[in-house]
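Breakdown of the fold
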Amino acid sequence: LSVSTIYASKAPSKELCHGHFTALTVKNAMVDSVRDLRDDGDRPNVDVEDSDVPLVVVIRGRPVDDGRGGDWRRGRGSYGETYEEEEFVADVDLYRCLHSGGSLHRRGYRSGNGNLDSDWGDEEIDRQGEREANNRNRRSQNASVKAPIHKAAMKESLAAGLLLEAGWDKLIHAARGDGKGAVLVDPMTGSGTLPTEAALIACDMAPGLLRIAAWRGDQGRNNPHRSPPCVRWKDFSSNVEVWDELVADATQRAKTGMKWARSSSESGQKNVKILGNEKNPRAFSLAQSSVRTAGVGAMVSLSEGDCVDWDLGGGDATTNNRDVIEGRTMFVCNPPWGLRLTEDIDESWVSLREFLRLEAGGCESWVLSGNKDLTKILRMKKSRTVVVKTADEDLRWLQYHIFQKRPYE
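Residues numbered from 1 in each chain as written. Predicted model: local features only at pLDDT ≥ 70, side-chain atom pairs only at ≥ 80, totals over all residues. Heavy atoms only, no water.

1. Notes on the sheet that holds strand S7 (residues 300-304)
- The strand order S7-S6-S5-S8-S9-S11-S10 describes an open sheet built from 7 strands, whose pairing is mixed. Both outer strands of the open sheet, S7 and strand S10 (384-390), are each paired with one neighbouring strand and no more. Taken over all neighbouring pairs, the strand axes of this sheet differ in orientation by 20° on average, direction set aside.
- Pairing analysis gives 5 bridges linking strand S6 (residues 272-278) to S7, with the strands arranged parallel. Counterpart to Glu-278 in the pairing with S7 is Glu-304.
- Along the sheet face, helix H6 (residues 168-178) touches strand S5 (182-186), S6 and strand S8 (329-333) and points at about 145° away from the line of S5.
- Contacting S6 and S7, helix H10 (residues 281-294) runs over the sheet at an angle of about 170° to S7. (Pairing = 2+ DSSP bridges. Helix = DSSP H or I, 4+ residues; strand = E, 2+ residues; numbered from the N terminus. Axes fitted to C-alpha atoms, helices over the stretch in contact; angles between N-to-C directions. Contact = heavy atoms within 4.5 Å.)

See below:
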(Lines give C-alpha, C1' and ligand atoms only; values in the text may rest on other atoms or scores of the structure.)
Protein backbone atom coordinates (compact mmCIF):
# COMPACT_ATOMS: atom_id res chain seq x y z
CA LEU A 1 0.00 0.00 0.00
CA SER A 2 1.10 3.57 -0.66
CA VAL A 3 -0.67 6.93 -0.60
CA SER A 4 0.27 10.16 -2.39
CA THR A 5 -1.47 13.53 -2.45
CA ILE A 6 -2.42 15.86 -5.29
CA TYR A 7 -3.79 19.34 -4.70
CA ALA A 8 -6.06 20.35 -7.57
CA SER A 9 -6.42 23.86 -6.14
CA LYS A 10 -5.32 25.98 -3.21
CA ALA A 11 -5.18 24.01 0.06
CA PRO A 12 -8.61 24.46 1.68
CA SER A 13 -7.26 24.72 5.22
CA LYS A 14 -4.06 24.81 7.25
CA GLU A 15 -4.73 21.25 8.42
CA LEU A 16 -4.60 19.96 4.83
CA CYS A 17 -1.78 22.11 3.46
CA HIS A 18 0.98 19.50 3.96
CA GLY A 19 0.80 16.70 1.41
CA HIS A 20 2.93 14.24 3.39
CA PHE A 21 0.88 14.44 6.58
CA THR A 22 -2.37 14.34 4.62
CA ALA A 23 -1.24 11.16 2.88
CA LEU A 24 -0.08 9.71 6.22
CA THR A 25 -3.50 10.34 7.76
CA VAL A 26 -5.29 8.64 4.86
CA LYS A 27 -2.84 5.73 4.95
CA ASN A 28 -3.39 5.17 8.68
CA ALA A 29 -7.15 5.20 8.21
CA MET A 30 -6.90 2.71 5.33
CA VAL A 31 -4.64 0.20 7.08
CA ASP A 32 -6.74 0.38 10.25
CA SER A 33 -9.87 -0.37 8.24
CA VAL A 34 -8.21 -3.32 6.51
CA ARG A 35 -6.97 -4.66 9.85
CA ASP A 36 -10.50 -4.55 11.26
CA LEU A 37 -11.83 -6.47 8.24
CA ARG A 38 -9.18 -9.20 8.30
CA ASP A 39 -9.58 -12.25 10.50
CA ASP A 40 -5.88 -12.31 11.44
CA GLY A 41 -5.86 -8.60 12.32
CA ASP A 42 -2.73 -7.87 10.25
CA ARG A 43 -2.11 -4.42 8.80
CA PRO A 44 -0.97 -4.05 5.17
CA ASN A 45 2.69 -3.18 4.64
CA VAL A 46 3.70 0.15 3.16
CA ASP A 47 5.96 0.28 0.09
CA VAL A 48 6.32 3.66 -1.60
CA GLU A 49 8.60 2.25 -4.34
CA ASP A 50 6.51 -0.64 -5.65
CA SER A 51 3.19 -1.01 -3.88
CA ASP A 52 0.53 -3.49 -4.97
CA VAL A 53 -2.17 -0.88 -4.36
CA PRO A 54 -0.95 2.69 -4.91
CA LEU A 55 -3.59 5.19 -3.85
CA VAL A 56 -3.83 8.85 -4.82
CA VAL A 57 -5.74 11.43 -2.78
CA VAL A 58 -6.98 14.41 -4.83
CA ILE A 59 -7.99 17.45 -2.76
CA ARG A 60 -9.92 20.38 -4.17
CA GLY A 61 -10.72 23.50 -2.20
CA ARG A 62 -14.20 24.89 -2.78
CA PRO A 63 -15.47 28.23 -1.41
CA VAL A 64 -18.55 28.00 0.81
CA ASP A 65 -21.41 29.94 -0.76
CA ASP A 66 -23.53 32.02 1.63
CA GLY A 67 -25.08 34.41 -0.86
CA ARG A 68 -22.09 36.74 -0.81
CA GLY A 69 -20.15 34.53 -3.17
CA GLY A 70 -18.46 32.80 -0.28
CA ASP A 71 -18.32 32.49 3.51
CA TRP A 72 -15.93 34.76 5.36
CA ARG A 73 -14.06 34.49 8.65
CA ARG A 74 -13.53 37.80 10.41
CA GLY A 75 -10.60 38.45 12.72
CA ARG A 76 -8.02 40.89 13.94
CA GLY A 77 -4.36 40.87 12.90
CA SER A 78 -1.30 41.23 15.09
CA TYR A 79 -1.25 45.00 14.52
CA GLY A 80 -4.91 45.49 15.36
CA GLU A 81 -6.16 45.60 11.76
CA THR A 82 -9.30 43.71 10.85
CA TYR A 83 -9.40 41.24 8.01
CA GLU A 84 -11.79 38.92 6.24
CA GLU A 85 -10.70 35.53 4.91
CA GLU A 86 -12.73 33.44 2.51
CA GLU A 87 -13.69 30.05 3.93
CA PHE A 88 -13.16 26.84 1.96
CA VAL A 89 -14.33 23.27 2.30
CA ALA A 90 -12.43 20.27 0.96
CA ASP A 91 -13.67 17.88 -1.71
CA VAL A 92 -11.60 14.70 -1.37
CA ASP A 93 -11.44 11.87 -3.93
CA LEU A 94 -9.48 8.66 -3.46
CA TYR A 95 -8.23 6.82 -6.56
CA ARG A 96 -6.55 3.49 -7.09
CA CYS A 97 -3.61 4.07 -9.42
CA LEU A 98 -2.78 1.73 -12.32
CA HIS A 99 0.95 2.35 -11.98
CA SER A 100 3.57 3.17 -9.38
CA GLY A 101 6.88 5.00 -9.48
CA GLY A 102 5.60 8.56 -9.64
CA SER A 103 3.90 10.67 -12.26
CA LEU A 104 3.97 9.31 -15.81
CA HIS A 105 5.34 12.59 -17.15
CA ARG A 106 8.72 11.50 -15.77
CA ARG A 107 10.35 9.52 -18.54
CA GLY A 108 13.44 8.47 -16.59
CA TYR A 109 16.19 10.27 -18.50
CA ARG A 110 16.44 13.05 -15.91
CA SER A 111 17.33 10.67 -13.06
CA GLY A 112 20.98 10.39 -14.07
CA ASN A 113 20.92 6.65 -13.37
CA GLY A 114 22.54 4.75 -16.17
CA ASN A 115 23.35 5.40 -19.80
CA LEU A 116 21.13 4.06 -22.58
CA ASP A 117 23.13 5.59 -25.39
CA SER A 118 24.73 2.36 -26.59
CA ASP A 119 22.87 -0.48 -28.31
CA TRP A 120 19.46 0.23 -26.79
CA GLY A 121 17.23 -2.75 -27.44
CA ASP A 122 15.39 -5.78 -26.14
CA GLU A 123 18.01 -6.62 -23.57
CA GLU A 124 17.38 -3.30 -21.86
CA ILE A 125 13.80 -4.35 -21.23
CA ASP A 126 13.76 -8.11 -20.93
CA ARG A 127 16.84 -9.03 -18.95
CA GLN A 128 15.49 -7.71 -15.69
CA GLY A 129 16.77 -10.59 -13.62
CA GLU A 130 20.35 -10.16 -14.77
CA ARG A 131 20.21 -6.42 -14.35
CA GLU A 132 18.79 -6.59 -10.86
CA ALA A 133 21.27 -9.27 -9.84
CA ASN A 134 24.13 -7.09 -11.07
CA ASN A 135 22.63 -3.83 -9.89
CA ARG A 136 25.09 -0.97 -10.07
CA ASN A 137 23.04 1.47 -8.02
CA ARG A 138 21.49 0.86 -4.63
CA ARG A 139 18.60 3.01 -3.47
CA SER A 140 20.81 4.69 -0.93
CA GLN A 141 23.20 5.65 -3.71
CA ASN A 142 20.47 6.88 -6.04
CA ALA A 143 19.80 9.91 -3.87
CA SER A 144 23.38 11.08 -4.31
CA VAL A 145 23.73 10.43 -8.04
CA LYS A 146 20.45 11.91 -9.26
CA ALA A 147 21.07 14.71 -11.69
CA PRO A 148 19.56 18.03 -10.60
CA ILE A 149 16.62 19.39 -12.56
CA HIS A 150 16.84 22.87 -13.99
CA LYS A 151 14.64 25.29 -12.04
CA ALA A 152 12.84 26.31 -15.23
CA ALA A 153 12.74 22.83 -16.78
CA MET A 154 9.66 22.00 -18.81
CA LYS A 155 7.69 18.88 -17.98
CA GLU A 156 8.48 16.09 -20.39
CA SER A 157 4.82 15.47 -21.19
CA LEU A 158 4.24 19.17 -21.92
CA ALA A 159 7.23 19.23 -24.28
CA ALA A 160 5.93 16.17 -26.13
CA GLY A 161 2.47 17.70 -26.40
CA LEU A 162 3.83 20.95 -27.80
CA LEU A 163 5.88 19.07 -30.40
CA LEU A 164 2.84 17.05 -31.49
CA GLU A 165 0.76 20.23 -31.71
CA ALA A 166 3.47 21.76 -33.90
CA GLY A 167 3.37 18.74 -36.22
CA TRP A 168 6.79 17.19 -35.52
CA ASP A 169 5.30 13.70 -35.75
CA LYS A 170 3.88 14.55 -39.20
CA LEU A 171 7.30 15.76 -40.31
CA ILE A 172 8.81 12.47 -39.14
CA HIS A 173 6.13 10.53 -41.02
CA ALA A 174 6.93 12.45 -44.20
CA ALA A 175 10.66 11.76 -43.75
CA ARG A 176 9.98 8.04 -43.41
CA GLY A 177 8.05 8.13 -46.67
CA ASP A 178 10.30 10.17 -48.97
CA GLY A 179 13.73 9.99 -47.34
CA LYS A 180 14.25 13.77 -47.39
CA GLY A 181 14.89 13.93 -43.67
CA ALA A 182 13.48 15.91 -40.75
CA VAL A 183 15.34 18.61 -38.83
CA LEU A 184 14.50 20.24 -35.49
CA VAL A 185 16.37 23.24 -34.08
CA ASP A 186 16.13 24.59 -30.52
CA PRO A 187 18.28 27.72 -30.03
CA MET A 188 17.56 28.01 -26.28
CA THR A 189 17.32 24.40 -25.23
CA GLY A 190 17.74 24.77 -21.46
CA SER A 191 18.06 21.30 -19.97
CA GLY A 192 17.28 19.69 -23.33
CA THR A 193 13.67 18.62 -22.84
CA LEU A 194 12.36 19.60 -26.28
CA PRO A 195 15.25 18.01 -28.26
CA THR A 196 15.11 14.84 -26.16
CA GLU A 197 11.35 14.45 -26.54
CA ALA A 198 11.64 15.18 -30.28
CA ALA A 199 14.18 12.37 -30.59
CA LEU A 200 11.95 9.93 -28.69
CA ILE A 201 9.02 10.77 -30.98
CA ALA A 202 11.25 10.27 -34.02
CA CYS A 203 12.28 6.85 -32.69
CA ASP A 204 8.67 5.82 -32.02
CA MET A 205 9.68 5.28 -28.41
CA ALA A 206 6.80 4.70 -25.99
CA PRO A 207 7.44 7.01 -22.99
CA GLY A 208 6.74 4.26 -20.47
CA LEU A 209 9.24 1.99 -22.18
CA LEU A 210 12.04 4.37 -21.35
CA ARG A 211 11.00 4.31 -17.68
CA ILE A 212 11.45 0.55 -17.71
CA ALA A 213 14.92 0.74 -19.23
CA ALA A 214 16.11 3.63 -17.06
CA TRP A 215 14.95 2.19 -13.72
CA ARG A 216 17.59 1.30 -11.17
CA GLY A 217 16.61 -0.16 -7.80
CA ASP A 218 17.75 -2.41 -4.99
CA GLN A 219 18.94 -5.91 -5.64
CA GLY A 220 16.09 -8.39 -5.50
CA ARG A 221 13.35 -5.80 -6.12
CA ASN A 222 11.04 -5.96 -9.12
CA ASN A 223 11.03 -3.16 -11.64
CA PRO A 224 7.70 -1.40 -10.86
CA HIS A 225 7.45 -0.13 -14.45
CA ARG A 226 8.01 -3.57 -15.99
CA SER A 227 5.35 -5.15 -13.80
CA PRO A 228 2.85 -2.42 -12.82
CA PRO A 229 0.43 -2.90 -9.92
CA CYS A 230 -2.64 -3.35 -12.12
CA VAL A 231 -1.41 -6.67 -13.53
CA ARG A 232 -1.36 -8.07 -9.97
CA TRP A 233 -4.96 -7.26 -9.16
CA LYS A 234 -7.59 -9.98 -9.08
CA ASP A 235 -9.99 -7.87 -11.11
CA PHE A 236 -7.45 -7.22 -13.89
CA SER A 237 -9.52 -7.80 -17.03
CA SER A 238 -6.69 -9.32 -19.07
CA ASN A 239 -3.77 -11.46 -18.05
CA VAL A 240 -0.07 -10.87 -17.62
CA GLU A 241 0.67 -12.38 -21.03
CA VAL A 242 -1.26 -9.57 -22.73
CA TRP A 243 0.83 -6.99 -20.91
CA ASP A 244 4.04 -8.79 -21.87
CA GLU A 245 2.95 -8.82 -25.52
CA LEU A 246 2.34 -5.07 -25.40
CA VAL A 247 5.78 -4.44 -23.90
CA ALA A 248 7.43 -6.71 -26.49
CA ASP A 249 5.63 -4.93 -29.34
CA ALA A 250 6.64 -1.50 -28.01
CA THR A 251 10.22 -2.69 -27.63
CA GLN A 252 10.38 -3.89 -31.22
CA ARG A 253 8.90 -0.63 -32.51
CA ALA A 254 11.48 1.33 -30.53
CA LYS A 255 14.36 -0.76 -31.89
CA THR A 256 13.15 -0.32 -35.46
CA GLY A 257 12.55 3.40 -34.96
CA MET A 258 15.93 3.95 -33.33
CA LYS A 259 17.70 2.18 -36.21
CA TRP A 260 15.90 4.32 -38.79
CA ALA A 261 16.45 7.61 -36.92
CA ARG A 262 20.16 6.96 -36.57
CA SER A 263 20.68 6.12 -40.25
CA SER A 264 20.81 8.13 -43.48
CA SER A 265 18.88 7.97 -46.73
CA GLU A 266 20.32 6.80 -50.05
CA SER A 267 21.16 10.41 -50.91
CA GLY A 268 23.28 10.71 -47.78
CA GLN A 269 20.78 12.91 -45.95
CA LYS A 270 20.34 12.04 -42.27
CA ASN A 271 16.86 10.78 -41.56
CA VAL A 272 16.64 12.79 -38.33
CA LYS A 273 18.83 15.69 -37.26
CA ILE A 274 18.12 17.54 -34.02
CA LEU A 275 20.20 20.57 -33.09
CA GLY A 276 20.17 22.29 -29.71
CA ASN A 277 22.00 25.29 -28.27
CA GLU A 278 22.27 26.62 -24.72
CA LYS A 279 24.10 29.61 -23.29
CA ASN A 280 24.11 28.66 -19.59
CA PRO A 281 26.93 26.15 -18.82
CA ARG A 282 25.04 24.33 -16.08
CA ALA A 283 21.88 23.99 -18.16
CA PHE A 284 24.02 22.82 -21.08
CA SER A 285 25.50 20.10 -18.86
CA LEU A 286 22.00 18.97 -17.87
CA ALA A 287 20.97 18.85 -21.53
CA GLN A 288 23.97 16.65 -22.34
CA SER A 289 23.02 14.32 -19.47
CA SER A 290 19.39 14.05 -20.61
CA VAL A 291 20.34 13.28 -24.21
CA ARG A 292 22.94 10.72 -23.18
CA THR A 293 20.71 8.97 -20.64
CA ALA A 294 17.77 8.80 -23.06
CA GLY A 295 19.99 7.07 -25.60
CA VAL A 296 19.44 9.59 -28.39
CA GLY A 297 22.92 11.07 -28.63
CA ALA A 298 23.37 9.77 -32.18
CA MET A 299 20.72 12.14 -33.54
CA VAL A 300 20.93 15.11 -31.12
CA SER A 301 23.81 17.56 -31.44
CA LEU A 302 24.26 20.22 -28.74
CA SER A 303 26.20 23.49 -28.89
CA GLU A 304 27.09 25.91 -26.11
CA GLY A 305 26.92 29.68 -26.46
CA ASP A 306 24.61 32.60 -27.26
CA CYS A 307 22.23 31.67 -30.05
CA VAL A 308 22.94 34.95 -31.84
CA ASP A 309 26.44 33.57 -32.50
CA TRP A 310 25.22 30.09 -33.47
CA ASP A 311 26.02 29.62 -37.15
CA LEU A 312 23.85 27.14 -39.07
CA GLY A 313 24.80 28.52 -42.47
CA GLY A 314 21.85 30.89 -42.79
CA GLY A 315 24.10 33.73 -43.85
CA ASP A 316 25.55 31.74 -46.74
CA ALA A 317 24.23 32.58 -50.20
CA THR A 318 24.20 28.89 -51.18
CA THR A 319 21.64 26.77 -49.39
CA ASN A 320 23.85 23.69 -49.74
CA ASN A 321 25.90 24.88 -46.78
CA ARG A 322 22.91 25.25 -44.47
CA ASP A 323 22.22 22.80 -41.66
CA VAL A 324 18.48 23.31 -42.11
CA ILE A 325 16.31 22.08 -44.96
CA GLU A 326 13.59 24.42 -46.19
CA GLY A 327 10.19 22.83 -45.76
CA ARG A 328 11.61 20.02 -43.61
CA THR A 329 12.93 21.99 -40.63
CA MET A 330 11.09 23.08 -37.52
CA PHE A 331 12.42 25.64 -35.02
CA VAL A 332 11.12 25.34 -31.44
CA CYS A 333 12.02 27.39 -28.40
CA ASN A 334 11.08 27.99 -24.77
CA PRO A 335 12.88 31.28 -23.99
CA PRO A 336 12.83 32.83 -20.50
CA TRP A 337 9.77 34.97 -19.89
CA GLY A 338 10.16 36.08 -16.28
CA LEU A 339 8.55 33.47 -14.03
CA ARG A 340 11.57 31.44 -12.88
CA LEU A 341 14.34 32.98 -14.96
CA THR A 342 14.58 36.75 -14.61
CA GLU A 343 18.12 37.73 -15.65
CA ASP A 344 18.83 39.34 -19.05
CA ILE A 345 15.36 38.46 -20.37
CA ASP A 346 15.10 41.24 -22.93
CA GLU A 347 18.56 40.45 -24.29
CA SER A 348 17.58 36.79 -24.68
CA TRP A 349 14.58 37.69 -26.82
CA VAL A 350 16.65 40.08 -28.93
CA SER A 351 19.17 37.28 -29.52
CA LEU A 352 16.33 34.91 -30.46
CA ARG A 353 14.91 37.47 -32.91
CA GLU A 354 18.23 37.97 -34.66
CA PHE A 355 18.92 34.22 -34.78
CA LEU A 356 15.55 33.41 -36.33
CA ARG A 357 15.87 36.18 -38.91
CA LEU A 358 19.24 34.87 -40.03
CA GLU A 359 18.86 31.10 -39.72
CA ALA A 360 15.14 30.24 -39.96
CA GLY A 361 14.35 31.68 -43.38
CA GLY A 362 11.93 29.47 -45.30
CA CYS A 363 10.99 27.51 -42.15
CA GLU A 364 8.35 27.60 -39.44
CA SER A 365 9.12 28.43 -35.82
CA TRP A 366 7.25 27.78 -32.60
CA VAL A 367 7.91 29.84 -29.48
CA LEU A 368 6.44 29.28 -26.00
CA SER A 369 5.73 32.50 -24.13
CA GLY A 370 4.05 33.57 -20.93
CA ASN A 371 4.61 37.29 -21.43
CA LYS A 372 3.05 39.14 -24.35
CA ASP A 373 5.29 42.18 -23.86
CA LEU A 374 8.40 40.06 -24.34
CA THR A 375 6.86 38.43 -27.38
CA LYS A 376 6.63 41.84 -29.05
CA ILE A 377 10.44 42.01 -29.07
CA LEU A 378 10.44 39.43 -31.87
CA ARG A 379 8.70 41.94 -34.18
CA MET A 380 7.21 39.10 -36.18
CA LYS A 381 3.62 38.39 -37.15
CA LYS A 382 2.42 35.12 -35.69
CA SER A 383 0.57 32.66 -37.89
CA ARG A 384 -1.20 30.77 -35.13
CA THR A 385 -1.72 30.90 -31.37
CA VAL A 386 -2.34 27.87 -29.17
CA VAL A 387 -3.45 28.51 -25.57
CA VAL A 388 -1.53 26.34 -23.09
CA LYS A 389 -2.56 26.13 -19.43
CA THR A 390 -0.19 24.27 -17.13
CA ALA A 391 -0.51 24.49 -13.34
CA ASP A 392 -1.22 28.18 -12.63
CA GLU A 393 0.53 29.38 -15.78
CA ASP A 394 -1.32 30.75 -18.79
CA LEU A 395 0.99 30.37 -21.80
CA ARG A 396 0.89 30.73 -25.56
CA TRP A 397 2.48 28.38 -28.13
CA LEU A 398 3.09 30.73 -31.04
CA GLN A 399 3.71 29.76 -34.64
CA TYR A 400 5.68 31.97 -37.01
CA HIS A 401 6.37 31.46 -40.71
CA ILE A 402 9.68 33.10 -41.49
CA PHE A 403 10.22 34.00 -45.12
CA GLN A 404 13.57 33.68 -46.81
CA LYS A 405 15.21 37.02 -47.43
CA ARG A 406 15.65 37.88 -51.07
CA PRO A 407 19.17 38.83 -52.10
CA TYR A 408 19.77 42.42 -53.11
CA GLU A 409 20.10 42.96 -56.83
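2. Let's talk about the packing of aromatic side chains
- Under the criterion given, the structure shown has 3 aromatic pairs.
- Taking 5.5 Å as the distance between ring centres and 10° as the angle between the ring planes, the aromatic pair formed by Trp-310 and Phe-355 counts as stacked. You can see Trp-310 sitting in the loop between S7 and S8 and its partner Phe-355 sitting in helix H11 (residues 345-359), a full 45 residues away along the chain. Note on accessibility: Trp-310 and Phe-355 belong to one class, buried.
- Among the aromatic side chains, those forming a connected cluster through ring pairs are Trp-310, Phe-331 and Phe-355.
- The aromatic ring of Trp-260 is capped on one face by Arg-176, whose charged end is 4.3 Å from the ring centroid. (Phe/Tyr/Trp six-rings, centres within 6.5 Å; stacked < 30°, edge-to-face > 60°. Buried < 20%, exposed > 50% of the residue type's maximum accessible area, 1.4 Å probe, protein only. Lys NZ or Arg CZ within 6 Å of the ring centre and 35° of its normal.)

3. Concerning the pattern of salt bridges
- Evaluated as defined, the whole model comprises 16 salt bridges.
- A salt bridge links Arg-43 to Asp-32; the nearest nitrogen and oxygen atoms lie 2.6 Å apart. Remark: Asp-32 occurs in helix H1 (residues 19-37) and Arg-43 occurs in the loop between H1 and strand S2 (54-63); sequence separation between them is 11 residues.
- Residue classification places Arg-43 among the partly exposed positions, given a relative accessible area of 36%.
- The partly exposed category is assigned to Asp-32, whose relative accessible area is 27%. (Salt bridge = Lys/Arg side-chain N within 4 Å of Asp/Glu carboxyl O.)

4. Structural notes on the packing of helix H5 (residues 156-166) against helix H7 (residues 193-202)
- At their nearest, the axes of H5 and H7 sit 9 Å apart, and the two run at 65° to each other. Read as a crossing pair, H5 and H7 show a hand that is right-handed. Of the residues in H7, those touching H5 at Glu-156, Ala-159, Ala-160, Leu-163 and Leu-164 are Thr-193, Leu-194, Glu-197, Ala-198 and Ile-201.
- Split into classes, the residues belonging to the contact of H5 with H7 amount to 7 nonpolar, 1 polar and 2 charged. (Left-handed = near helix turned anticlockwise from the far one by under 90°. Nonpolar A, V, L, I, M, F, W, Y, C, P; charged D, E, K, R; others polar.)

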